[in-house]
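The primary structure of each chain is shown beneath.
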Amino acid sequence: MEASVGYWPVKEDKVFALQSQQTHQMRQNYIYRPQTQPITHTTDPIVTGTSVLGIKYKDGVMLAADTLASYGSLARFREMQRLEKVGNSTLIGASGEISDFQFIMEDLNKVMTQEFVRDDGYNMTAPEVYSYMSRVMYNRRSKMDPYYNALVIGGLNAAGAPFLGYVDMYGTTYEDNQIATGYGNYLARPLLRKYQRNDMSEEEAKKLLEDSLRVLFYRDARSTNKIQLAKVTKDGVVISQSYELETNWDIGKGVSH
Amino acid sequence: MTSIGTGYDLSVQTYSPDGRIFQVEYANKAVENSGTVVALRCKDGVVFGVEKLISSQLLEPGTNRRVGAADYHIGFASAGLLADVRALAGRARQESEAYKQNFQTEIPVRVLAERVANYTQVFTLYGAVRPFGCTMMIGGIDLNGPQLYMVEPSGVVYGYYGIAAGKATAAAKTEIEKLKLSEMTARQAIFEVAKIIYRVHDEVKDKLFELELAWVCQDSGNRFQVVPKDLFDQAEAAAKQALEDDDMQE
């Protein structure tokens, strides 16, 4: 055994570092799995956002989400913006793994920059962003390395008509007049289906989304009452500041203990 | 003006006895034969003007643009071989994007100019490749205000208040020196650039040409923008008018 010379990396350290690098690389191939199973990477989200809601209304499209990023059952980041704009006519909202959403935004911003410098007279609008994201998400799913998100993509198409679509980590896509992710699928969708109309005014749309998010706050254990609304109209994209929903817990008084 | 570097000019790897690299000088010839490009750095932005020589009436106007964006806040205009311009512009765009990925901030104009210059210089080292046959003016607005740089085929880059390249470089530079750039706004500079391009354009040798104007300034939201049509038409009309007034004076 050689005498240590006292500075890093000592020969033994180098060997150890190399070994752990090799082990890391080989690990995926040697984790026990049946031969028929593919190599998997991230399939468990860590920092997550809950439901995102979206509806079409008279002037365009409105999206809503709360501003919470949970760390399991811990309400960790309470001012997390989960609605982002992409260019001047598209909004994207994400539930699921926040880091994947942040990376998706990096990628989309890169795409929008390339569109800008290309300057070919075409603008990427909501349906194109939706199509692009659906390809990205499906490709990742097919590699068993998903972006662990459910995305709501809303905006105006090139003709100025409202567009609203959903893309998730499996690559499932659909378009509709109202979209909900996560618990919103179960709790908000009945409300949205009943009250959403394509000719709603902005106030009616705002009230519907607020009421739906309030219901979610009452019943979804990974939500808060601090929310954000965002809209896309022909005047562009506007994302509101976060604000708190009024809640009523009087029903608690009627509960006998 | 032209010197023949017999024997020492076959490859960019070779120096001449008097310390010149003839291949790089020949690359500059490609720039000198192309339409004039003018760029000005003024009080609130940078403006670019290009005399785009057209070889045929059949070419669609507005195509084969010699100005473009490298990023939202930086634009370029270039004289020389158009294909080389496109390759260099592509590299500039990649550098901007990579910088944003690494440092989460827009690339400063000077950094981009130096990166493009370093890239250009590499092609003056090896016999297997040829130097870029284009001079690129890179201008934009960053935290240090508006800035303008020019990269030549040799890979040198300097900062400028006003610069020209291409056919009528000498005449254009004379015109630029008359201007008080530090007191001019971009909107005024657009008119001046259009005038200069029209003045230095040689009606006899090159009949057809198209004017291109672009800017990065306060009026464009500190973003690169091809000058909007109404302002462009005004500037072009004023330039034509100035030319007529010159003729009348003669």
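Please refer to the structure placed before this passage.
Residues numbered from 1 in each chain as written. Chains lettered and ligands numbered in written order. Predicted model: local features only at pLDDT ≥ 70, side-chain atom pairs only at ≥ 80, totals over all residues. Heavy atoms only, no water.

## Points about the overall build of chain A
Put simply, the test is: Here a helix means four or more residues in a row that DSSP labels H or I, a strand means two or more in a row labelled E, and each is numbered from the N terminus. Type-normalised accessible area, obtained with a 1.4 Å probe on protein chains alone, sets the label of each residue: buried when under 20%, exposed when over 50%, and partly exposed for intermediate values. Note on contacts: a residue pair is in contact if any heavy atoms of the two residues lie within 4.5 Å.
Per the secondary structure count, chain A includes 6 helices and 14 strands. Here chain A holds 257 residues, and the buried ones make up 41% of them. Relative to all contacts within chain A whose residues are 6 or more apart in sequence, the contacts with residues 24 or more apart total 61%.

## So, the packing of aromatic side chains
Pairs of aromatic rings are described using the distance from one ring centre to the other and the angle between the two planes. Residues and elements named next belong to chain B. In plain terms, the rule: Ring pairs are drawn from Phe, Tyr and Trp, using the six-membered ring of Trp, whenever the two centres fall within 6.5 Å, and their geometry is named by plane angle: stacked under 30 degrees, edge-to-face over 60, tilted for the rest.
Evaluated as defined, the whole model comprises 14 aromatic pairs over all chains. A ring pair is formed by F22 and Y26, whose centres lie 6.2 Å apart and whose planes are at 40 degrees; its orientation type is tilted. Within this pair, F22 and its partner Y26 are both found in helix α1 (residues 22-32), separated by 4 residues, close to a single helical turn. Residue classification places F22 among the buried residues on the basis of a relative accessible area of 5%.

## Overview of the sheet that holds strand β1 (residues 37-42) of chain B
Neighbouring strands of a sheet are bound in pairs by backbone hydrogen bonds; such pairs are parallel or else antiparallel. Residues and elements named next belong to chain B. Threshold: When DSSP finds two or more bridges between two strands, those strands count as paired. Interaxial angle, 0 to 180 degrees, is taken between N-to-C directions of lines fitted to C-alpha atoms, where a helix line uses only the stretch in contact.
If you trace the 5 strands from one edge of the open sheet to the other, you get β8-β1-β2-β9-β10, paired in antiparallel fashion. Looking along the sheet, the strands with just one partner apiece sit at the ends: β8 (162-165) and β10 (223-226). Each strand of the sheet is rotated relative to its neighbour by a mean of 15 degrees, with strand direction disregarded. Here 4 bridges tie β1 to β8, and the two strands are oriented antiparallel to one another. If you follow L40 over to β8, its bridge partner there is G162. Helix α4 (residues 169-177) rests against β1 and β8 of the sheet, and its axis sits at about 165 degrees to β8.

## Concerning α4(B)
Residue and element names in this part refer to chain B. The test is simple: Within this analysis, the arc is defined by the directions that extend from the helix axis to the C-beta atoms.
Taken residue by residue, α4 has T169, A172, E175 and I176 as its buried positions. An end-on view of α4 places all buried positions within 125 degrees of arc, on one side of the element. In α4, the exposed positions that point more than 90 degrees away from the buried face belong to A170 and E177. Of the surrounding secondary structure, the elements contacted by the buried residues of α4 are β1, β8 and α5 (186-200).

## Section: a nonpolar patch on the surface
Formally: Residues qualify for a patch when their relative accessible area is over 30% and they have no salt bridge, like charges being joined within 9 Å and the nonpolar side chains of Val, Leu, Ile, Met, Phe, Trp and Tyr within 5 Å. Using the Shrake-Rupley algorithm and a 1.4 Å probe, accessible areas are obtained, with residue cover drawn only from the displayed protein chains. Basic side-chain nitrogens of Lys or Arg form a salt bridge, by our definition, when they fall within 4 Å of a carboxyl oxygen of Asp or Glu.
A cluster of nonpolar residues, B:V122, B:L125, B:Y126 and B:V129, forms a patch on the protein surface that exposes about 320 Å² of accessible area. As for its position among the elements, B:Y126 is in the loop between α3 (109-122) and β5 (134-142).

## Notes on the environment of A:Q37
By the element assignment, A:Q37 lies in the loop between α1 (11-30) and β1 (47-49). Along the primary structure A:Q37 and A:I92 are separated by 55 residues, whereas in three dimensions their C-alpha atoms are 33 Å apart.

## Some points on the packing of helix α2 (residues 98-118) of chain A against helix α3 (residues 126-142) of chain A
Residues and elements named next belong to chain A. Selection criterion: Should an angle fall under 35 degrees it is taken as roughly parallel, and over 145 as roughly antiparallel, whereas 65 to 115 is taken as roughly perpendicular and any remaining angle as oblique. Left-handed describes a crossing whose near helix is turned anticlockwise from the far helix by less than a right angle; the clockwise case is right-handed. In this classification, Asp, Glu, Lys and Arg are treated as charged, Ala, Val, Leu, Ile, Met, Phe, Trp, Tyr, Cys and Pro as nonpolar, and every other residue, Gly included, as polar.
Orientation of α2 relative to α3, taken along the N-to-C sense of each, is 130 degrees, at an axis distance of 12 Å. Here α2 is positioned oblique relative to α3, judged by the angle of their axes. Remark: the crossing between α2 and α3 carries right-handed chirality. The residues of α3 that touch α2, namely those facing I104, D107, L108 and V111, are V129, Y132, M133 and M137. For the contact of α2 with α3, the class distribution of residues is 7 nonpolar, no polar and 1 charged.

## A few points about the sheet that holds strand β4 (residues 74-80) of chain B
All names here are of chain B. Read across the sheet, 5 strands follow the order β3-β4-β5-β6-β7 without closing on themselves; strand pairing throughout is antiparallel. Because the sheet does not close on itself, it has two edges, and the strands there are β3 (67-71) and β7 (157-159). Each strand axis lies, on average, 25 degrees off the axis of its neighbour in the sheet, ignoring direction. Here β3 runs beside β4; their pairing, made up of 4 bridges, is antiparallel. When the bridges of β4 are listed, D71 appears paired with I74. In the packing of helix α2 (residues 82-103) onto the sheet, contacts are made with β3, β4 and β5, and the angle to β3 comes to roughly 20 degrees.

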